[in-house]
Amino acid sequence: MSQVKQVGLLAAGCQPWNKDVCAASGDRFAYCATLAIYIYQLDHRYNEFKLQAIMSEHKKTITAISWCPHNPDMFASASADSLVVVWNVTEQKVVAKLDNTKGIPASLSWCWNAGDAVAFVSHRGPLYIWTISGPDSGVTVHREAHSFLSDISLFRWHPKKKGKVVFGHTDGSLSIFQPGSKNQKHVLRPESLEGTDEEDPVTALEWDPLSTDYLLVANLHNGIRLVDSESLSCITTFNFPSAAASVQCLAWVSSAPGMFVTGDSQVGVLRVWNVSRTTPIDNFKLKKTGFHGLHVLSSPPKKKSCSSQYPTKNHHTSSTSEAVPPPTLTQNQAFSLPPGHAVCCFMDGGVGLYDMGAKKWDFLRDLGHVETIFDCKFKPDNPDLLATASFDGTIKVWDINTLTAVYTSPGNEGVIYSLSWAPGDLNCIAGATSRNGGFIWDVPKGKMITRFSEHGKNGIFCIAWSHKDSKRIATCSSDGFCIIRTIDGKVLHKYKHPAAVFGCDWSQNNKDMIATGCEDKNVRVYYLATSSDQPLKVFTGHTAKVFHVRWSPLREGILCSGSDDGTVRIWDYTQDACINVLSGHTAPVRGLMWNPEIPYLLISGSWDYTIRVWDTRDGTCLDTVYDHGADVYDRAVESGAPPLLCGKVSRDIKQEVEKLTGNPRGKKLRWFSECFSPPGGSKNLWDLVAVIKGQDDSLLPQHYCKGIMHMKHLIRFRMSKAQELTTVKMSKYGGGIGAPSKEERLKEAAEIHLRLGQIQRYCELMVELGEWDKALSVAPGVSMKYWRKLMQRRADQLIQEESDDVIPYCIAIGDVKKLVSFFTSRGQLKEALLVAQAACEGNIQMSPLSTTSGSSNSGGNNTDDYNELLHKVSKELAEWYFQDGHAVLAACCHLAVENIELAMANLIRGNELELAISVGTVLGESAAQATHYALELLARKCMTVTTCGFTLKDTVLVCFLFTNDKQKIFLSFPSLGYRDLAADLLMMIPDNKLQLVKLCAFYPGCVAEINDLHEKCNLPDVEECMRLAETIQADGDIFETIKYYLLSSEPEKALPIGIQYVKEQLCGSDWTLDSVCPYLDLLSYIRTERLVLHKCSEFRNELLILCGYIGALLAIRRQYNSIVPALYEYTSQLLKRREVSVPLKIEQLSEELEAWRACTQLNKPTDELPCTPPSESQRTLYSTLVSRIREEPLKGMVGPDYVTGSNLPSHSDVHISCLTGLRIQGPVFFLEDGKSAVSLNDALMWAKVNPFSPLGTGIRLNPF
């Protein structure tokens, strides 16, 4: 298993250079950065778009993308390296590639009338058509579409008229080709351009979906025209509110005939139009930066509806579905906004999905870099902030907990190669550019405060702020100089090199020492305390240019260098020698980083797309990370990153612990766990633990209110926030439903009924007219019961329309359940939680007046009902976090409502074992069962040799748990062996004898070492265990006999006894999992070297088969649905290939698997395709399985495991699971052959139900 895993991803923004860079199909949309395509898909359960895949195959800038109109799984992309690629989006793999396209494909589109043909064109043509498969496969040239007089901006196939295609040119003209008709080249230029040489490029071009001839055209400066491609005439010219406005993109809204939207090029204004009007219907300013791309989803995402829970007869027209004006509305009111979703791409790289009907973002990915990131650095005094420098000319500062940009540098500085934070809390960043010198950016103030120009127009490749002296900054450049200056611009030193200088780094142990890396292949060390401009040392050895150099923060005089020769060299300044060469990268090395806590641990990044982790003592590569899909330029480590050992953070924690008085164990555990937990959530979790343990609210940190709050604080903090607001935004009630054609007559009739005192009839007519406000204002004149009923009808209608206006109606009538259901159905779980908590605290009351019988909220003011609703919503929010790969935040949700059992379960299922044990220990008895289970899993992790980082982490945990106030804590290498560490963990479990037996049984040492471990665990020595086993066997106690044989010098004697017992049980009709699991679990701890002996092969095979079958049933019990089929298949294959005598048949396994599939499919969401109901025999068989399986004793552990990063795609690290045959998403776990891979989630679940490897070797699986 990879020791390094991805825990967060800052997605790139959309590139602003080429036209067709965004596309959509159904519930997916895509955009492309420079070298990668990002695919987002709607999660229907939570109505949220999530990053599904990052596809990278192109080596140069992607020029266009296109989604196949006939097959939503097919996708095409083109790039500047003359390459066209066809992808299968679902499988995330390349289906076909076309190299050497005879020119750069500037625009690309699937052919509408051919399912497997892609057309592409270079700037002047011709148009190529690539048929991907079939008898006519290959590339052909369009007969007429060539030899254009002006460059092509883009082209569009007609969606209905076969073969008809239009091209837009940079001179503002169009070229139209249609089979059987005369070709028209360079026609329909804007009138103002006729007879001139001026250019006004066509920026957007779309065929009218309801016409065969009409075409919507946008020119950058001459606006939008609707033209007739047959008569070559302009039908309508559309006018903008301002002469300064210009159109960058447009799209038809298929759900509203005659409507289209446009995006302005200068400012992010989205305009809604109808072809019957020459001016916009509405304008929305979505961003300060201009639009670059726009695409309306042809079939808007279908969101979960909660209306089925509250059936209502609604005969009224939705205000968002009409595009035809009612007769009495004014012209501005004549058109309502279409219920469309627009994919919006902006010039600053921002990407979002805008709901035009609801006027809100469904998704917004803002401020992403649009080009290569050259450098990244954590803030020295705040590891939650990460700064990145990019080719796109900006530096951005990210909050790694939320993965959002919090600051971006002003303007565009050209290419920014390097950045360096000011030391301490100065809140400034120094940047180095390709042509504009260096600068200092005051981050909070958002302005440049200093610029450096000593290098002239030469590129500055590296900038470094001194760690020890905040007044000094170093820069190195292509001019061959490394310049040391003060922040006010005074030059202190200019060190001349024979060639370009690419890297420099200040020594962290000597403030006057700096190292450089040069194009001449050498590393130099300079000493600033002298006036000499010559280096103290010159290190030679690299065979290509040296790019980066890094001093070790922990070992004085040690530095490393990375080179284009693909190696990293470790130099000892004191010995004037290279002490190690790290070989393994297959391309130039760019990024270098020492771990700030482990002296010998080094990380490198290369243009071979990999990150490598090195042990510099012997040059061993400990791990290789393949998640990047392009060159790795730099990397950063946050101060205090795991594992703690001998760096500054370790020393600081030790000093703080020694200062503590009283019982500091909780604080020790918190410090420990926060250092080893992934970013995001652990601080929040510990704040909630403190609240549960009774800590005074005044001691809560300021950031507490920004996270998940305990239920007793939620309303108080939100009310406080509301009071801070100076402006109260009132909800707009009612309003604006389209009226029927007899509106005036109905109004007159209503007025008559009102004057006759027939108020109810008046109200009904007002409702029919859509005048809800008038109806509701007089409804109490009938009765409060009638008013309430009318409010419910209005609320039901607004829910149908998914309008936020429903909120005040539900609050007014106290219909909490309906409002919570409304929020939940839209994925607004935090809003649902807030309303449920407000109801629990009595802030939302149902009207004391009588209600209609059978109302959805009858009895809704019952506190127990509201508490149940609160826990239900909290559980769903936790599940959302958990399935998004944030187990710690999921646990926070459960702790917020004091559901400790589920909070602990989420931590364990997320494999946050150290954090679970730390939190469980502080929470005490209420978390004891889960804590003991986590300790058992962590001990299993220690039963095989791991790298020091992982062993160290667990050693530190034991130190924290066992240390009392008077003892000192030393965070250093463990003095105990890893098996002693496992024993220490197990001894923390009160009833631990059986767990200690398993540990001792598995220990593979010599007899003396085994006896030492037995003594530590209070167990008899090996010889005594043999005598006890023989004695107990005579007495007939099977379990105890197995136990002592496993502890003896001949553990294999336990196999026939235990296996025979299990087989006898399976032959009976009343056996259960609980009657056989303890025996198989105990047998599985036999030492591996004994189990794999040839003389044990028969028993080994039977043990593997029995463990596989029982594991499948355990997986069903725990709802590990992804591995149930694999466990049955594993067992069947072993039965088929190995000579065994067990009471299992392949046919029986197949029938059980099919019965499970058939019966559990009934629990699938109702919106999936209908499934064939199970047969009676399948129901009977599944019922028998369920009776044997029984309930899981640890109820919170039911459900699949999701570790941190499970939701994150990888660029190039593509692995296919040997269990499922599917591409692995998230962390990968490699099996013992080093090749076979499964997802870490599946490996964890497999190991919890079947301890042996899926390869059938008898090796125990240890993914913990």
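Residues numbered from 1 in each chain as written. Predicted model: local features only at pLDDT ≥ 70, side-chain atom pairs only at ≥ 80, totals over all residues. Heavy atoms only, no water.

Colleague: Can you walk me through the environment of Ala145 in this structure?
Modeller: Residue placement: Ala145 occurs in the loop between strand S12 (138-141) and strand S13 (152-157). By relative accessible area, Ala145 is classed as buried at 0%. Taking the C-alpha atoms as reference points, Ala145 and Leu127, separated by 18 residues in sequence, lie 5.7 Å from one another. (Helix = DSSP H or I, 4+ residues; strand = E, 2+ residues; numbered from the N terminus. Buried < 20%, exposed > 50% of the residue type's maximum accessible area, 1.4 Å probe, protein only.)

Colleague: For this particular structure, what's the right way to read the pairing of strand S35 (residues 438-442)?
Modeller: It is a general feature of regular strands that their side chains alternate between the two faces of the sheet. The buried fraction of S35 is high, at 5 of 5 residues. Burial of the side chains of S35 extends over both faces: Gly438, Ile440 and Asp442 are buried on one face and Phe439 and Trp441 on the other. Judged from the 5 bridges that link them, strand S34 (residues 428-433) and S35 form a sheet pairing that is antiparallel. Across the sheet, Ile429 pairs through a bridge with Trp441, a residue of S35. Counting the residues in the hairpin turn of S34 and S35 gives 4 residues, including Gly437, whose phi is positive at 70°. (Pairing = 2+ DSSP bridges.)

Colleague: What is the right way to look at the packing of aromatic side chains in this model?
Modeller: In this description, an aromatic ring pair is defined by two values, namely the gap between the centres and the angle between the planes. Going through the model one piece at a time under the given rule, you end up with 36 aromatic pairs. Aromatic side chains Phe238 and Trp273 sit 5.7 Å apart centroid to centroid with 75° between the ring planes, which places their arrangement in the edge-to-face category. Of this pair, Phe238 sits in strand S20 (residues 233-238) while Trp273 sits in strand S23 (residues 268-274); the two residues are 35 residues apart in sequence, bridging distant segments of the chain. One exposure class covers both Phe238 and Trp273, and it is buried. Their ring planes at 45° and their centres at 4.6 Å tell us that Phe291 and Phe346 sit as a pair that is tilted. With a gap of 55 residues between them, Phe291 in strand S25 (residues 291-296) and Phe346 in strand S26 (residues 341-346) connect regions that are remote in the sequence. There is no split in this pair, since Phe291 and Phe346 are both buried. Three or more aromatic residues link up through ring pairs in this structure, and these residues are Phe29, Tyr31, Tyr38, Tyr40, Phe49 and Phe363. Cation over ring: Arg590 sits above Trp607, and NZ or CZ is 4.3 Å from the ring centre. (Phe/Tyr/Trp six-rings, centres within 6.5 Å; stacked < 30°, edge-to-face > 60°. Lys NZ or Arg CZ within 6 Å of the ring centre and 35° of its normal.)

Colleague: Would you take a moment to explain the packing of helix H26 (residues 1097-1117) against helix H27 (residues 1124-1137) for this structure?
Modeller: Relative orientation and spacing of two packed helices are given, respectively, by the angle between their axes and the distance between those axes. Viewed as axis vectors pointing N to C, H26 and H27 meet at an angle of 160°, and their least axial separation amounts to 8 Å. Classified by the interaxial angle, the pair formed by H26 and H27 is roughly antiparallel. The two elements H26 and H27 cross, and the hand of that crossing is left-handed. Taken together, the residues of H27 that come into contact with H26 (itself represented by Leu1104, Ile1105, Gly1108, Tyr1109, Gly1111, Ala1112, Leu1113, Ala1115 and Ile1116) are Val1124, Leu1127, Tyr1128, Tyr1130, Thr1131, Leu1134 and Leu1135. (Axes fitted to C-alpha atoms, helices over the stretch in contact; angles between N-to-C directions. Parallel < 35°, antiparallel > 145°, perpendicular 65-115°, else oblique. Left-handed = near helix turned anticlockwise from the far one by under 90°. Contact = heavy atoms within 4.5 Å.)

Colleague: Looking at this structure, how should I read the pattern of salt bridges?
Modeller: A side chain with one charge can pair with a side chain of the opposite charge if their charged atoms come near. By the definition in use, this model includes 45 salt bridges. When the shortest N-O distance is used, the salt bridge between Glu57 and Lys97 registers 3.0 Å. Taken as a pair, Glu57 in the loop between strand S4 (48-55) and strand S5 (62-67) and Lys97 in strand S8 (residues 93-99) lie far apart in primary sequence, 40 residues in all. With a relative accessible area of 41%, Lys97 lands in the partly exposed category. Notably, a salt bridge pairs Arg451 with Glu413, separated by 2.9 Å at the nearest N-O pair. Linking Arg451 in strand S36 (residues 447-452) with Glu413 in the loop between strand S32 (404-408) and strand S33 (416-421), this pair joins segments that are 38 residues apart in sequence. Relative accessible area serves as the criterion here: at 47%, Arg451 is assigned to the partly exposed category. Since its relative accessible area comes to 6%, Glu413 is described here as buried. Connected via shared salt-bridge partners are Lys161, Lys164, Asp213 and Glu230. (Salt bridge = Lys/Arg side-chain N within 4 Å of Asp/Glu carboxyl O.)

Colleague: Would you mind showing me how to read the sheet that holds strand S52 (residues 620-625) here?
Modeller: With antiparallel pairing, the 4 strands of this open sheet are ordered in space as S49-S50-S51-S52. Strands with a single pairing partner mark the edges of an open sheet, and in this sheet they are strand S49 (589-594) and S52. Strand-to-strand twist in this sheet, taken as the mean axis angle between neighbours without regard to direction, amounts to 25°. As paired elements, strand S51 (residues 611-615) and S52 share 5 bridges and run antiparallel to each other. Bridge pairing in S52 places Ile611 opposite Val625.

Colleague: How should I be thinking about unusual backbone geometry in this particular structure?
Modeller: A negative phi angle characterises most non-glycine residues, just as the trans form characterises most peptide bonds. Backbone torsion omega between Gly125 and Pro126 reads 0°, so that peptide bond is classified as cis. Within the secondary structure layout, Pro126 lies in the loop between strand S10 (117-121) and strand S11 (127-131). Of note, the phi angle at Ser147 is positive, near 55°, even though the residue is not glycine. Within the fold, Ser147 resides in the loop between S12 and S13. Taking the relative accessible area as the measure of exposure, Ser147 reaches 53% and is therefore exposed. Unusually for a residue other than glycine, Leu403 sits at a positive phi of about 55°. Mapping Leu403 onto the fold places it in the loop between strand S31 (395-399) and S32. On the basis of relative accessible area, Leu403 is assigned to the partly exposed category, the value being 27%.

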